Structures are given as C-alpha cells and as structure tokens.
Amino acid sequence: MFFKKIGVVGGGTMGQGISQMLAAKGLDVLLVEHTTEKLDYAYNMIETNLDKQLEKWAITKAEKKLILSRINKVAHLAELGSCDMVIETITEDLEAKKAVFSQLDQVCPSNVILASNTSTLSLTELASSTKYPERVIGMHFIHPVSRVDLVEIIRGLKTSDSTFDETRRFVEEVADKKGVMIYESPGFVTSRLICLLINEALHVLQEGVASAEDIDDAMRIGYNFQHGPLEMADRFGLDSVEAALERMFREFGELKYRPSTVLKKMVRAGHLGVKTGEGFFKYDKDGDRL
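Heads up: these notes are all about the structure in this document. (Residues numbered from 1 in each chain as written. Predicted model: local features only at pLDDT ≥ 70, side-chain atom pairs only at ≥ 80, totals over all residues. Heavy atoms only, no water.)

## Focus on the packing of aromatic side chains
For any two aromatic rings, the description comes down to two numbers: the centre-to-centre distance and the angle of the planes.
Part 1: Within the structure shown, the criterion is met by 2 aromatic pairs.
Part 2: Seen from their ring centres, Phe3 and Phe170 are 5.0 Å apart, and the 65° between their planes marks the pair as edge-to-face. One end of the pair, Phe3, is in the segment before β1 (5–9); the other, Phe170, is in helix α6 (residues 161–174), and 167 residues separate them in sequence.
Part 3: With a relative accessible area of 0%, Phe170 lands in the buried category.
Part 4: Geometry around Tyr43 places Lys73 over its ring, the cationic atom sitting 4.9 Å from the centre.
Part 5: Across from the ring centre of Phe281, 3.6 Å away, lies the NZ or CZ of Arg289, which sits over that ring. (Phe/Tyr/Trp six-rings, centres within 6.5 Å; stacked < 30°, edge-to-face > 60°. Helix = DSSP H or I, 4+ residues; strand = E, 2+ residues; numbered from the N terminus. Buried < 20%, exposed > 50% of the residue type's maximum accessible area, 1.4 Å probe, protein only. Lys NZ or Arg CZ within 6 Å of the ring centre and 35° of its normal.)

## Observations concerning the pattern of salt bridges
Part 1: For the structure on display, the rule yields 18 salt bridges.
Part 2: In this structure, the salt-bridge partner of Lys73 is Asp40, at a minimum N-O distance of 2.9 Å. One end of the pair, Lys73, is in strand β3 (residues 71–74); the other, Asp40, is in helix α2 (residues 36–55), and 33 residues separate them in sequence.
Part 3: For Asp40, a relative accessible area of 31% corresponds to the partly exposed category.
Part 4: Residue Asp149 pairs with Lys177 through a salt bridge whose shortest N-O separation is 3.6 Å. Here the residue Asp149 occupies a position in the loop between β6 (136–141) and β7 (150–155), and Lys177 occupies one in the loop between α6 and β8 (178–183), the gap between them amounting to 28 residues.
Part 5: What makes Asp149 partly exposed here is its relative accessible area of 49%. (Salt bridge = Lys/Arg side-chain N within 4 Å of Asp/Glu carboxyl O.)

## Some words on the environment of Gly237
Part 1: Within the secondary structure layout, Gly237 lies in the loop between α9 (229–236) and α10 (238–252).
Part 2: When its relative accessible area of 1% is taken as the criterion, Gly237 is described as buried.
Part 3: Those residues in contact with Gly237 that sit more than four places away from it in its chain are Leu272 and Lys275. (Contact = heavy atoms within 4.5 Å.)

Shown next, in the form of structure tokens:
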C-alpha cells in the first residue's frame, strides 16, 4: 500500500499533533471536526505551534507554509473515502468512537486501514461496530507527537496480519517512529505504567511525604525524566488521567488502579492542568510552566 493521503478525525491536542507531524513528513492530511469553529481552532493551534518552531529556528517560513498547505480542513467524514488510512483521535468515549468507526466503515473502501489513537479502550469492541473488523487497529501516539518517536500498535481480536504489517510499515517507514506491538489489554503498556506512576506520586503528595515540586524534581533529576509525574499529569489532562485509571480499575478490579482522592478533587475543581492553565502547577496560554 502506498500512503499519500491520511484522514485524521478529531482536532484536539493529539489530532493537531498527528496532523502536523504527517504534513511535515510530506503527506496530505484531511482533518475532520464537528464544527467549523472547532476546525478553525485546531488549524490555528497548529499554526501557533509552527510559529513557536519558527521562533526557535527549527523550521523556515517556507517549511511552515508547506506544512500548512498539506493540512486540509474537512467538515464531513464522507470526504475521507479517498484516504489511504484514517486515524481517529476523538475523546476517550467508547460509544462516540464506535459511532465514528461505523460511519468510516461505510465511506472508506474495505482495503483502507482504520486506526484509533485510543490509549485505553478495547480495539476489539471498536471493531465490532464495523463490517470489516480485520482492518481496525490501534495506533497510540504519545504527546508531544513530534518529539516522541514511539507508537504502540495494538491488535484487536480480529485485526488481520496484513493490517498489522501495513500499519507497522506506516509507523516505521512513513512516520519514522519506533513501533511496538501490543496485544490488547486495558491501558496497553505506556498508559498502564505511566498512570500507575502518576497515581503513586499523587498518594505520596496526599500523604504529605513531599511537595508537588519536590516529588517532580526527585523523578525528573534523579531518573532523567523530561517532566516529573505531576507535571506529566497536568500535560495529559487530569480528567484524562482519572478516566484512564477508572477504566483500568473497572477492567482489572485491582486497588492499585483506583484514582487517588486528590486527583478526583482537582478534577471536580476544574483544575485540569495545561488546558485550563492550572493543575498541580500553573501554565501560560502556550502551555509553558510559570
């Protein structure tokens, strides 16, 4: 299969990152959102991110213009029928994702791979909403997409060998990232392990063992993490971390996955991290820590 045009469903943080990364690799991207306002916002955020790279001399004005020219704003899923692959990146809501896959199944030819960027949901269940479950696969990119050279490739129960092989080739040869194969399990590898680390850091904070800043410094400096676990949670979105832990708690039934009380309080207070400007730390409108 020759990959030239990729559909991206969802213009949130991950959808923006994936679209920008693919366009920078020379692919044409069709970006879909529910409304014109959300679509314009996603496109503007991509442009803002490119402007930051421009300021740091990471790209030229010509490269910025070329990347943006490859990202096409699309209002309807029906327009994705001409794509070589479609990547779904909407919110972690099983029924909403199943509805998207059901529609994609109707508009995309049976040879087109349908991938989900889900970090915790069952690919087998997502695929059950389609007539061709063998072409459904998980492709979990990690934020920030442009800087993390890893993608989890998750096989559902009915994912075919050819779908897996083509997806791995796409990840490693086209996206130029390391693909790791995961057999379906709640949280896969990265979300399962990182959410446990974050949850334990929250228990340490709740017990008064150390301050949020000292906990993060201990892990960031002591173990060479880019960000400490609490800042990671802020960047993932505290509501997303809570939802992932709740999902794994339901699936595994083990107490270690039960979200800490302090996490629930932060979410209830609306302090969700970078996207609200405040979580365990404070952030400016560009997502830089204050």
